[in-house]
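Summary of structural features
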Amino acid sequence: MDRELLIEIGCEEIPAGWLPDLTLQMAQRLDARLKDARVDADRPVESYSTPRRLTARVVRLAERQSDFDELVNGPPVSAAFRPDGEPTPAAIGFGKKYGVEVSSLERVQTPKGLYLAHRVHHRGKATVDVLPDVFGGLLRDLRFPKQMRWDAFLEDGKGPLVFARPIRWLMLLYGGRVVPFVIRRTELAQGPLVQDIRTGANTYGHRFLTTSGRAGRAIKVKTFDDYQSRLLENFVILDRAERESRIRRELETHARKLGGRVSGLVAAQSSLLREVPDLVEYPSVVAGHYPVEFLSLPEEVLTTTMIHHQHYFPVVDAEGRLKPAFLAVTNTQAEKPEIIARNSERVLIARLRDARFFWDADRKASLASRVGRLSTILFHKRLGSYREKADRVAALARWVAAEALRQSEAAVHAETAGRLCKADQATDMVRELTELQGTMGGIYAREEGQPEEVWKAIYFHYMPIGVEPDAPPSRQQLGAAAVTWAAVSLADKLDSVVGMFSAGERPTGSRDPLGLRRQAQGVVKILADLPALTGLDVRLRVGPLLARAAEPFGGLAPFREPLLAFMADRLTYLLEQRTFDVRSVRAVMHAGIEQLSPLEARQKLEALAQMSGSQALLGVAGLLKRVKNITKGISVEGGTLEGQPHRSRLHEPAELALAVALDARSQTIRDAAARGDYREAFAGIAALQPPAAKFFDDVLVMADDDGLRTARLALVATLRDLIMDIADISEIAADDRVGEGPRAAGGV
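It should be emphasised that the depicted structure is a prediction, and the values quoted were computed from it without experimental measurement.

**Structural notes on the overall build of the protein chain**
The number of helices and strands found in the protein chain is 30 helices and 23 strands. In terms of overall size, the protein chain is more extended than a compact globule, its C-alpha atoms giving a radius of gyration of 34 Å where 748 residues would be expected to give roughly 27 Å. Put simply, the protein chain has 748 residues, and 52% of those count as buried. Counting only contacts in the protein chain whose residues sit at least 6 apart along the sequence, the fraction spanning at least 24 positions is 71%. As displayed, the protein chain has an accessible area near 34,400 Å², and 49% of this comes from carbon and sulfur atoms. When the 102 positive and 98 negative side-chain charges of the protein chain are each reduced to one mean point, those points stand 4 Å apart.

**Details of the packing of helix α15 (residues 439-448) against helix α16 (residues 452-459)**
Taken N-terminus to C-terminus, the directions of α15 and α16 make an angle of 160 degrees; their axes are 6 Å apart at the nearest point. Between α15 and α16, the interaxial angle falls into the category roughly antiparallel. Considering how the two elements wind past one another, α15 and α16 form a crossing that is left-handed. Between α15 and α16, the residues in contact are Thr439, Gly441, Gly442, Ile443, Ala445 and Arg446 and Trp455, Ile458 and Tyr459, respectively. Counted by class, the contact of α15 with α16 contains five nonpolar, three polar and one charged residues.

**Quick look at the domain arrangement of the protein chain**
You can read the domains of the protein chain as domain 1 (3-64 + 126-233), domain 2 (68-122), domain 3 (240-362), domain 4 (379-599) and domain 5 (611-747). In this structure, domain 1 and domain 3 have C-alpha centres spaced 34 Å apart. Contacts between the two partners involve 13 residues from domain 1, matched on the other side by eleven residues from domain 3. Note on domain 1 versus domain 3: buried area summed over both sides is about 970 Å², and carbon and sulfur give 57% of it. Its largest share of buried area at the contact with domain 3, domain 1 owes to Ala16, His206 and Leu209, together 44% of the area lost on that side. Remark: the boundary between domain 1 and domain 3 carries two salt bridges. Where glutamate 281 meets arginine 52, a salt bridge forms, and the shortest distance between an N and an O atom there is 3.9 Å. On inspection of domain 1 and its partner domain 3, the count reaches four residue pairs in polar contact (both at pLDDT 80 or more). If you list the elements that add at least two residues to the side of domain 1 that touches domain 3, you get α1 (19-36), β2 (46-50) and α5 (224-233).

**Quick word on the side chain of serine 263**
On the secondary structure map, serine 263 appears in the loop between β15 (261-262) and α7 (265-269). Residues within four places of serine 263 in sequence aside, it is in contact with Pro314 and Val316.

**Here's the deal with the side chain of threonine 330**
Its place among the elements puts threonine 330 in strand β18 (residues 322-330). Note on threonine 330: relative accessible area 11%, which makes it buried. Of note is the side chain of threonine 330, whose polar atom sits 3.1 Å from the backbone oxygen of threonine 332.

**Overview of the sheet that holds strand β5 (residues 106-110)**
Taken together, the three strands give an open sheet; going across it, the order is β4-β6-β5, and neighbouring strands pair in antiparallel fashion. The open sheet has two edge strands, β4 (68-76) and β5, and neither has a second partner. Across the sheet, the axes of successive neighbouring strands diverge by a mean angle of 45 degrees, strand direction being ignored. One ladder, built from seven bridges, connects β4 with strand β6 (residues 113-122); its direction is antiparallel. Following the sheet pairing, valine 72 is matched in β6 by histidine 118. Strands β4 and β6 of the sheet are contacted by helix α3 (residues 89-97), whose axis makes an angle of about 160 degrees with β4.

**Describing the nonpolar core**
One broad rule of soluble globular proteins: the nonpolar side chains tend to lie buried together. By size, the foremost hydrophobic cluster in this structure holds 153 residues, and its most contacted members are Leu563, Met567, Phe682 and Ile729. In terms of residue count, helix α18 (residues 482-502) provides more of this core than any other element does, 13 residues in total. In contact with phenylalanine 682, other than residues within four places in its own chain, are Lys604, Ala607, Leu608, Met611, Leu617, Ile726, Ala727 and Ile729. The next biggest cluster of nonpolar side chains, apart from the first, holds 41 residues, and it includes Leu5, Leu61, Leu131 and Ala152.

**Side note on unusual backbone geometry**
With an omega of 5 degrees, the peptide bond running from methionine 463 to proline 464 counts as cis. Position of proline 464 relative to the elements: it lies in the loop between α16 and α17 (475-478). For the bond running from proline 472 to proline 473, omega is 5 degrees, close enough to zero to count as cis. As for its position among the elements, proline 473 is in the loop between α16 and α17.

**Details of the packing of aromatic side chains**
This model, assessed by the stated rule, comprises 15 aromatic pairs. Taking 4.8 Å as the distance between ring centres and 55 degrees as the angle between the ring planes, the aromatic pair formed by tryptophan 169 and tyrosine 204 counts as tilted. Taken as a pair, tryptophan 169 in strand β9 (residues 167-174) and tyrosine 204 in strand β13 (residues 202-204) lie far apart in primary sequence, 35 residues in all. Taking the centre distance of 6.0 Å and the plane angle of 65 degrees together, the rings of phenylalanine 357 and phenylalanine 358 count as edge-to-face. Overall, phenylalanine 357 belongs to the exposed group, its relative accessible area being 55%. Ring pairing ties together the aromatic residues Tyr48, Phe224 and Tyr227, which thus form one cluster. Against the face of tryptophan 455 rests arginine 446, its NZ or CZ located 5.1 Å from the ring centre. The ring of tyrosine 573 has arginine 570 lying over it, and the distance from NZ or CZ to the ring centre is 5.2 Å.

Cut-offs used in this document
- For every chain, the first residue of the written sequence is number 1, and numbering continues from 1 onward in sequence order.
- Under the rules for a predicted model, residues below a pLDDT of 70 receive no local features and side-chain atom pairs below 80 are neither given nor counted, while totals for whole chains, interfaces and linings still include all residues.
- Values shown for side chains rest on all heavy atoms present in the structure; no hydrogens or waters enter the calculation.
- Strands are runs of DSSP state E lasting at least two residues, helices are runs of H or I lasting at least four, and both sets are numbered from the N terminus onward.
- Put simply, the radius of gyration uses C-alpha atoms, and a globule should come to 2.2 Å times the residue count raised to 0.38.
- Whether a residue is buried, partly exposed or exposed follows from its accessible area with a 1.4 Å probe, protein chains only, as a fraction of its type maximum: under 20%, in between, or over 50%, in that order.
- Contacts are residue-level and defined by heavy atoms, with any inter-residue pair within 4.5 Å sufficient.
- Surface exposure here means Shrake-Rupley accessible area, sampled with a 1.4 Å probe, where a residue is shielded only by the protein chains that are shown.
- Under this rule, positive means Lys or Arg and negative means Asp or Glu; His and the chain ends count for nothing.
- By convention, the charge on Lys lies at NZ, on Arg at CZ, on Asp at CG and on Glu at CD.
- Angles shown run from 0 to 180 degrees and are taken between the N-to-C directions of axes, each axis being a line fitted to C-alpha atoms and, for helices, limited to the stretch in contact.
- In what follows, roughly perpendicular refers to angles from 65 to 115 degrees, roughly parallel to angles under 35, roughly antiparallel to angles over 145, and oblique to any angle outside these ranges.
- Rotating anticlockwise by less than a right angle from the far helix to the near helix defines a left-handed crossing, while the corresponding clockwise rotation defines a right-handed one.
- Nonpolar residues are Ala, Val, Leu, Ile, Met, Phe, Trp, Tyr, Cys and Pro. Charged residues are Asp, Glu, Lys and Arg, and all others, Gly as well, are polar.
- Note that the domain bounds reflect an automated or database-derived domain assignment.
- By definition, the buried area sums, over both parts, the 1.4 Å-probe accessible area that each loses when the two are put together.
- When a carboxyl oxygen of Asp or Glu is within 4 Å of a side-chain nitrogen of Lys or Arg, the pair counts as a salt bridge.
- Polar contacts, as counted here, are pairs of nitrogen or oxygen atoms within 3.5 Å of one another; within protein the pair requires one atom able to donate a hydrogen and one able to accept it, and residues that are adjacent in sequence qualify only if both atoms are side-chain atoms.
- Pairing between strands is defined by DSSP: at least two bridges between them are needed.
- By convention a nonpolar core is built from buried Ala, Val, Leu, Ile, Met, Phe, Trp, Tyr and Cys residues, the set being connected through side-chain atoms within 4.5 Å.
- Classification of ring pairs uses Phe, Tyr and Trp, with its six-membered ring standing for Trp, and accepts pairs whose centres are within 6.5 Å; under 30 degrees between planes counts as stacked, over 60 as edge-to-face, and the remaining range as tilted.
- Charge-over-ring contacts are defined here by two conditions on Lys NZ or Arg CZ: a distance within 6 Å of the ring centre and an angle within 35 degrees of the ring normal.

In structure tokens form, the structure reads like this:
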């Protein structure tokens, strides 16, 4: 009979940002460990978390491991028998070891040759005997952004047990009974209050709230339903979705009482609503106020102080203007919420007074006057100060605007914005509220009277961050600054990416210096969405931009290949995140990133998606696989192959028909691609399917006659080049046989 498994790891408060991933890990790692242990579960593992606990549950878990057969290799057959066929002592000894006759042994072929083998049947152990190893493996498997050593170890010979935070209690229940397991504490750590941690049937309620007895008291449970309901009685909401729903309801209720609503910034620009449910076990909301005089501060300063520093929710009126009020989520159900609100107000007002002081002090000096002070702020030890970076960004932004985007009238504004975009690093406000870098520069530039093209370019130059088509900033937000913003944002990000690669700093699986992935993602996102963001239909290629950005660092040559591979990976990620088929993404990126325009790549993918049901295009894709194979290493220029004209040798009706079709459609296809109408270009390619399929059905490409073979190879190579100049659509072929005729197979 299957039984329920319930696991709880109780610890000191885990950082809220870690919990979503840890909750997912609990389910995935436990499921993997159970499968490795051959213990069957009737459904996927469920996992839950609060700041003080990680929980996993399996509704029904088998009582025994499944049996399995193991094939054990013995001696090689060559050493197991004498020339007369009699078994050697090696074969006899191997059979005796497993209690079988030599004649009963199997013969198996291995990479090393033919061996004798015996199939051993292993009966599964009871699940209760396997679970300690599963649980120990689970504790070892969990991964954290930062690991803590807390003088604990497991008796598995693998050394200290590191964890997110010190573990305080363990629960490992199978069928309502405790499975023994222990975490040992080192000798130096042992004391009256520090002892080994053993599994039990007890969990613990809220630290501060209780209906009877004392807060945080032990609660004995047997089943998951009992566990969840008893926790709720003791002011712990186990399900994160329930905590979030409760927070949302209370926020809406309190905001209405204040005559407003929660600011849309919470959903649009911060992770606050995703983070707060992982900060509390039993949430409630209190409302607070701050003096109206602080509304004279920039809205960005107020919301950043509330959201990022205090985890408070700003309240706005019906028109979206900030009200002098906020909402705070607490981890208690206070009898006198006004006391909590008053203390929250005191903390917030102190921060706002500091912000007002910085705001008044910073505006006494212009941004331009602060550029010199950037020489004292290090950007990177091998790349110099922020002053040097600002000079590079200014020059590159001017070039991008004037040369790459061909908007010479925007070049001066782009250069000015590029030089000033880092000046706010030298302000008191940004030193205190680092989240506002760039944003405050734009605000100060606006206060100084800088034109919209300059201050908005500074304000938004760190964006975009997301890869979504509607990720901010939008064309409406950018207004007249769209072109200068694109130039400055591209310049800043390209300088950082190329500069860090030149300094030997490259992203790895465990580190991402200076957020290079995000910066490169911003580059390809701007290039892919350039018309929507700026109104310019310019297909900028990645290679020339990287080459120009690399000039101050001595050129691309020393790090060309890893940088191009990195940029290709970022563009691939962006396109796949927009749900384009991975095969289509490979098709448009076949020629590499250097001469690729992200805008063209996106447009080609949109066209391929529109034609996803075209059997003719799929037919050409299948044929292209064959064409690529038989024309490998062959190039055609000006209608000649290896310097010899080929069309005069063609005589078969099918090959003449293909030649005529290519002549008739090639220019139309190229013209459509040149103006960005890839739907028409792919439609033109699809129209070549009938003559191409007929050609491969009727014509033997690899003819015995050298001249005829050369002519036919030139013809199919012309077809190949026409298609491959747009995309390697062979990547989207359903299987290798699509469109292949028997003569094509024979020709190869």
